[in-house]
Amino acid sequence: MSRNLTDAADSLGRSCEVLIVGGGPTGLLLAILLRQRGVEAVVLERRQRPGAHSRAIGLHPPALDALQAVGLEEIALARGARIAHGTARRHGGSSHHREHDQDRGQYRGREHDQDRGQYRGREHEHEHEHEHEHSLGWLSFERSWPARPFVLSLPQSLTEELLASRLAELAPDALRRGEDVVGLEDAPTGMRVWTRSSRSDGTDATAARPRVTRWHASVLVGADGSHSTVRALAGVETALRTYPDTYLMGDVADPASRGRSEGHGHSEDHGRSEGSARPAAPPGTGPPVGTSSTATIHLGPDGVVESFPLPDGRRRWVAHTGTAPSASSAEDLAALVRARTGQRIDPSTCSMVSAFTVRRRTVRTMLSGRLVLIGDAAHEISPIGGQGITLGWLDALALAPLLEQVITRDLRHRLEDMPLLREAARRRLRAARLASRLAELNMVLGRPRSGPLARGRDAVIRAVLRSPLRHRMAWAYAMGWAVRGRPAALPRRRA
C-alpha cells in the first residue's frame, strides 16, 4: 500500500466486521441480511446521492423471496407493476403466415380478433393492428411460480430507496455515501481498505474537503458493479466476452393506463390475494383482455423490439439497433417502435433514454483471501432478460449466513479455504453461467433475421408457445432454476 495513503489516513481509522463496497441493490440487501443477524456491516458508496434513473427493473420470483426475508415484499408489490404474461409477435410477416394463423383458428379467429382489438386498443390506443404483424403465441407464470405468478417491474431507483430505508432502520449510519475506495490490503488480521471521501467532516457544513480514511474489516465484500474498483485493486482475474449487439431503451407514458388510478403499479386484475391463480387460458387464446400486465416481444427483419410495464402508467421500450448504432434519442426510439410495430409512443413523455452494448464478464473466483465478490462485480451478464438484480440477490442470500459463520468461528482462515464458502461460490458462478446462456439465447432470437432463418425461428417459437413447453419456458424466464442448491440458513448469532 502506498505510504502516501497511509500517512494521509485518519489517525484512528474505522473498523467493522463486514465492509461492503457498493451501495446498489446487491450491497444494500447483503448489509440488511447481515445486520438482521447481528453482524456489524457497513456499506461504502461512491455516489453522493441516490440514483434517480430507473435502470434495471426486473425482480423475478426468487428476488421477491429476498425482499420477503428483509420485510420489504409487501411495499415492493404495492409500488411495482406485475408482469403476469408474455407474448411474442412477428412483424414484417408474409400473407402466407397470416393466412396460416387464420386457418389454425387460434390467434386469428374471429371471436379472438374482436377481443384482441379491445386489448390492443386499451394497451396502445391504435385505430387498427399493424398491417404486417401477427401473433406467435403467449405464456403466463401461473404454473411456473403459483405463489407469485409474475415478474415484478420496479425501477432500480425505487428498489434502492426501499433497501436504504430498511438499512437505516436497522443501523442509521451503516450506509456511508461519498466514499471512494482507493486502496486495499489483505492483512493477517483482516482487510485494510483506504477510501477518499468528499463528505463533510462535521465541523463545516459547507466543506467538502477530500480526506483519506483507513478501514479495517474481518471480511471485505466487493459489490461495486461491473466496473468494480475492488476487483481491480485485488487483482482478481476475469474472463471477458463482448457481443456485437447494441440496443436503445427508454421509459415513456403508456396510453393504456389512462383512466386508471396512479400511484399503484399493479393493475386492477391483480386485486386477488397473492397466490390465487387465474384459471389458465387455452393455448393460443391470448392473455387476458384489458390489462397492462403483459410484456411484449416484437420480432422482425430489423431486430427485436421489447416492451414491459412500469409502475405509474409508464412502459419500458427496448429496441435492437444493430452493430453500428446511430440512434440515441427518445425521438429515435419512437421512430424505431413505430417502424417495426406500428405503435406510437410519445417521446415528449420519456423520462430516461439510454443506448447500451452487451458483454459478459465472469471472475475466475469469487473468493480471494478475506475478500468476496458478488453481483455484477463477480458475474456481469447481458441485461437482455433482466436477470441481474435477482442473480446478485441470490448471491447475498446464499452468502449471508456463511459470512456470519466466518465472523463468529473462522477468522483464522482465508475464505477460499473454507469448504462451505467455496461450494457456495462455485454454485453461484454456475448459476451465473446458466443465466448468461439464457441471456445470450434471448439476444440471438432478437437479432435481425429474414428469409428462411426468420421463418425457422418463428416456427420454433410458435410451436413452443402453443404447446405445454410454454410452461417450461415460463419457468426458465421466471428463474425457477436459480433457487436450487441454496445453502440452509444458519441460526442467527444475536438478537
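Rules behind the numbers
Residues numbered from 1 in each chain as written. Predicted model: local features only at pLDDT ≥ 70, side-chain atom pairs only at ≥ 80, totals over all residues. Heavy atoms only, no water. Helix = DSSP H or I, 4+ residues; strand = E, 2+ residues; numbered from the N terminus. Buried < 20%, exposed > 50% of the residue type's maximum accessible area, 1.4 Å probe, protein only. Areas by Shrake-Rupley, 256 points an atom, 1.4 Å probe, with all protein chains shown as cover. Axes fitted to C-alpha atoms, helices over the stretch in contact; angles between N-to-C directions. Parallel < 35°, antiparallel > 145°, perpendicular 65-115°, else oblique. Left-handed = near helix turned anticlockwise from the far one by under 90°. Contact = heavy atoms within 4.5 Å. Nonpolar A, V, L, I, M, F, W, Y, C, P; charged D, E, K, R; others polar. Pairing = 2+ DSSP bridges. Polar contact = N/O pair within 3.5 Å; in protein donor to acceptor, adjacent residues only side chain to side chain. Salt bridge = Lys/Arg side-chain N within 4 Å of Asp/Glu carboxyl O.

Asker: Hey, could you run me through the overall build of the chain in this one?
Answerer: When its secondary structure is counted, the chain shows 13 helices and 19 strands. Across the 495 residues in the chain, those meeting the buried criterion constitute 55%. Summing over all exposed atoms, the chain offers an accessible surface of approximately 21,400 Å²; the carbon and sulfur share of this is 50%.

Asker: Is there a simple way to explain the packing of helix 2 (residues 25–36) against helix 10 (residues 388–409) in this structure?
Answerer: Packed helices, taken two at a time, are described by their axes: the angle between them and the distance between them. Axis separation between helix 2 and helix 10 bottoms out at 9 Å; the angle between their running directions is 30°. Here helix 2 is positioned roughly parallel relative to helix 10, judged by the angle of their axes. Helix 2 and helix 10 meet at a crossing whose hand is right-handed. On helix 10, the residues that touch Pro 25, Thr 26, Leu 29, Leu 30, Leu 33 and Leu 34 of helix 2 are Ile 389, Gly 392, Trp 393, Ala 396, Leu 397, Ala 400 and Leu 403. Tallied by class, residues from the contact of helix 2 with helix 10 come to 11 nonpolar, two polar and no charged.

Asker: Please explain helix 3 (residues 61–69) as it appears in this structure.
Answerer: A turn of α-helix holds 3.6 residues, and therefore any two residues three or four places apart point the same way. By the burial criterion, the buried members of helix 3 are Pro 61, Pro 62, Ala 63, Leu 64, Ala 66 and Leu 67. Following helix 3 by one or two positions, Gly 71 has its phi on the positive side, about 75°.

Asker: Whenever I open this one, the sheet that holds strand 3 (residues 58–59) confuses me. Can you help?
Answerer: What holds strands together in a sheet is hydrogen bonding between their backbones, with the strands either parallel or antiparallel. The strand order across the open sheet built from three strands is 3-7-4, with neighbouring strands paired in antiparallel fashion. Every other strand in the sheet has two partners, leaving strand 3 and strand 4 (81–83) as the edge strands with one partner each. Both strand 4 and strand 7 (residues 151–153) contribute to a ladder of three bridges, which runs antiparallel. Each residue of the ladder has a partner; that of Ala 81, found in strand 7, is Ser 153.

Asker: Just to check I follow, could you spell out unusual backbone geometry for this structure?
Answerer: Glycine aside, a negative phi is what most residues show, and trans is what most peptide bonds show. Here Arg 55, not a glycine, exhibits a phi torsion of approximately 50°, which is positive. Position of Arg 55 relative to the elements: it lies in the loop between strand 2 (41–45) and strand 3. In the Ramachandran plot, Met 479 falls in the positive-phi region, its phi being about 60° despite a non-glycine side chain. Mapped onto the fold, Met 479 is located in the segment after helix 13 (469–477). Met 479 gets classed as buried once you look at its relative accessible area, which sits at 0%.

Asker: Mind showing me how you'd approach the side chain of Gln 387 here?
Answerer: Structurally, Gln 387 can be placed in the loop between strand 19 (379–380) and helix 10. For Gln 387, a relative accessible area of 4% translates into the label buried. A distance of 3.0 Å separates a polar side-chain atom of Gln 387 from the backbone oxygen of Ala 435. When neighbours within four sequence positions are excluded, Gln 387 is seen to be in contact with His 60, Ile 381, Ala 435, Leu 438, Ala 439, Met 479 and Trp 481.

Asker: Please clarify how the side chain of His 320 should be interpreted in this entry.
Answerer: Among the secondary structure elements, His 320 is positioned in strand 15 (residues 314–320). Reaching out from His 320, the side chain makes a polar contact with the side chain of Asp 245 at a distance of 2.9 Å. Every residue in contact with His 320, bar those within four places of it in the chain, is listed here: Asp 245, Thr 246, Tyr 247, Asp 302, Gly 303, Val 304, Arg 340, Gly 446, Arg 447 and Pro 448.

Asker: Would you mind going over the environment of Ala 459 with me for this structure?
Answerer: With respect to the helices, strands and loops of the structure, Ala 459 is situated in helix 12 (residues 451–465). Separated by 323 residues in sequence, Ala 459 and Leu 136 place their C-alpha atoms 8.3 Å apart.

Asker: Sorry, what's going on with the pattern of salt bridges here?
Answerer: For side chains bearing opposite charge, pairing can occur when the charged atoms are close. One pass over the full model with this rule turns up 20 salt bridges. Here Glu 161 and Arg 79 are joined by a salt bridge, their closest N and O atoms 3.2 Å apart. Within this pair, whereas Glu 161 is found in helix 7 (residues 156–170), its partner Arg 79 is found in helix 4 (residues 73–79), the two being separated by 82 residues in sequence. A salt bridge links Arg 427 to Glu 423, with the shortest nitrogen-to-oxygen separation between them at 3.0 Å. Taken together, the positions of Arg 427 and Glu 423, both in helix 11 (residues 419–445) and four residues apart, correspond to about one turn of that helix. Overall, Arg 427 belongs to the partly exposed group, its relative accessible area being 30%. Since its relative accessible area comes to 28%, Glu 423 is described here as partly exposed. By sharing partners, the salt bridges in this structure join Glu 45, Arg 47, Arg 55 and Glu 160 into a single network.

Asker: Hey, could you run me through the pairing of strand 15 in this one?
Answerer: Put simply, side chains in a regular strand alternate between the two faces of the sheet. Summarising burial for strand 15: six of the seven residues are buried, a large majority. Bridge count for strand 12 (residues 238–253) against strand 15 is seven bridges, and the pairing is antiparallel. Within the sheet, the bridge partner assigned to Ala 253 lies in strand 15 and is Arg 314. As judged from the six bridges shared by strand 14 (residues 305–310) and strand 15, these two strands associate in the antiparallel manner. Pairing of Pro 309 across the sheet is with Arg 315, part of strand 15. Taking the residues that link successive antiparallel strands as the turn, the strand 14-strand 15 hairpin has three residues, and the phi of Asp 312 there is positive, at about 60°.

Asker: For this particular structure, what's the right way to read the pairing of strand 11 (residues 211–222)?
Answerer: Counting buried positions over the 12 residues of strand 11 gives 10, a clear majority of the element. Across seven bridges, strand 1 (residues 14–21) lies against strand 11 in parallel orientation. Bridged to Cys 16 within strand 11 is Ala 217. Pairing between strand 10 (residues 190–197) and strand 11: seven bridges, direction antiparallel. Among the inter-strand pairings, Thr 195 is bridged to a residue of strand 11, identified as Thr 213. Taken together, the three bridges between strand 11 and strand 18 (residues 371–373) define a ladder with parallel strand orientation. Looking across to strand 18, one finds that Val 221 is bridged to Val 372.

Purely geometric stuff here, so don't read any function into it on its own.
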